[in-house]
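Geometric and topological summary
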Amino acid sequence: MPLCFDLDGTLGHFSGGYVLLREVLGELWGRVPTEAELRSCQGSTDWEIVDELHGGRFGRGLPMEGYQAFETACLLRFEREFAPGARSAVVYEGMVAGLNSLHRQGQPVALVSGNAPRVLTFKAQALGVDPGIPLWGSRPGHSRADLIRLALEGCAGPHLYAGDRPHDLHAAREMGLPFLGVGPCVPGDHPILEPEAHAHVLLSTVEQLLKRL
Ligand SMILES: [Mg+2]
């Protein structure tokens, strides 16, 4: 029963993350992609976004070494900007505590996020996510739904995806999973939690959701 959670906007946030992504690509490619170029990207994972931007800039898909260079540069920027004593991530304390509590109760949980894998590891650690929770970061050729599929492989249902953006809801629908929304950007008839929700609210909402299945 993997209960899968998105990271950015669901468990906390690193404000200005997209500015940082554009700056990193500017360093690597010699020109900062415009906001309009970034907004026009269809995908929601780092691989999809950087691949689309690379296609627009160079007229061909992103090679593996290009993605690795992006991941390394991005990780260095996050490590520098969010070093102790510098900027701090905003942690949704109740959401993270609830997630960790589910994990420690023996519920299979996972993070499924659009971040490149090493960036995801850094962010999960910065937010205080239990290091025993499996992390599924953005892989070449994989959409968010593909990453959820990998996380679910070999695990008996029921499953769940929790996220804060329409692309999270779409991925859950594509996978036929129940959805738990966080914040105001994913209206619908699924349960929606405030980012400031206490851990016990997350736990009881998950329990209710799973009872309905
Ligand atoms: Mg998100």
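About the cut-offs
Residues numbered from 1 in each chain as written. Predicted model: local features only at pLDDT ≥ 70, side-chain atom pairs only at ≥ 80, totals over all residues. Buried ≥ 20, exposed ≤ 12 C-beta atoms within 10 Å, placed from the backbone. Helix = DSSP H or I, 4+ residues; strand = E, 2+ residues; numbered from the N terminus. Pairing = 2+ DSSP bridges. Expected span 1.5 Å × (residues − 1). Contact = placed C-beta atoms within 7 Å. Core = buried A, V, L, I, M, F, W, Y, C linked by C-beta atoms within 7 Å.

**Comments concerning the pairing of strand E6 (residues 160-163)**
Of the two faces of E6, the one carrying Leu160 and Ala162 and the one carrying Tyr161 and Gly163 are both buried. In terms of strand pairing, strand E1 (residues 3-5) meets E6 through three bridges, oriented parallel. Residue pairing across strands places cysteine 4 opposite tyrosine 161, the latter belonging to E6. Pairing of E6 with strand E7 (residues 179-182) involves three bridges; the strand directions are parallel. Bridge pairing in E7 links alanine 162 to leucine 180.

**Quick word on helix H3 (residues 46-58)**
Taking 1.5 Å per residue, 13 residues should reach 18 Å; H3 reaches 17 Å between its end C-alpha atoms and fits that length. Along H3, the positions that sit buried rather than exposed are Asp46, Trp47, Glu48, Ile49, Val50, Asp51, Leu53 and His54. Close packing links the buried residues of H3 with helix H1 (17-29), helix H2 (35-39) and helix H4 (64-81). Of the residues one or two after H3, glycine 59 is the one with positive phi, at around 75°.

**Section: the nonpolar core**
Counting residues in hydrophobic clusters, the biggest one holds 52 residues, and the most contacted among them are Cys4, Leu11, Leu111 and Tyr161. Not counting residues within four places of it along the chain, the set of residues in contact with leucine 111 comprises Phe5, Leu7, Leu120, Ala124, Val129, Ile133, Leu135 and Trp136.

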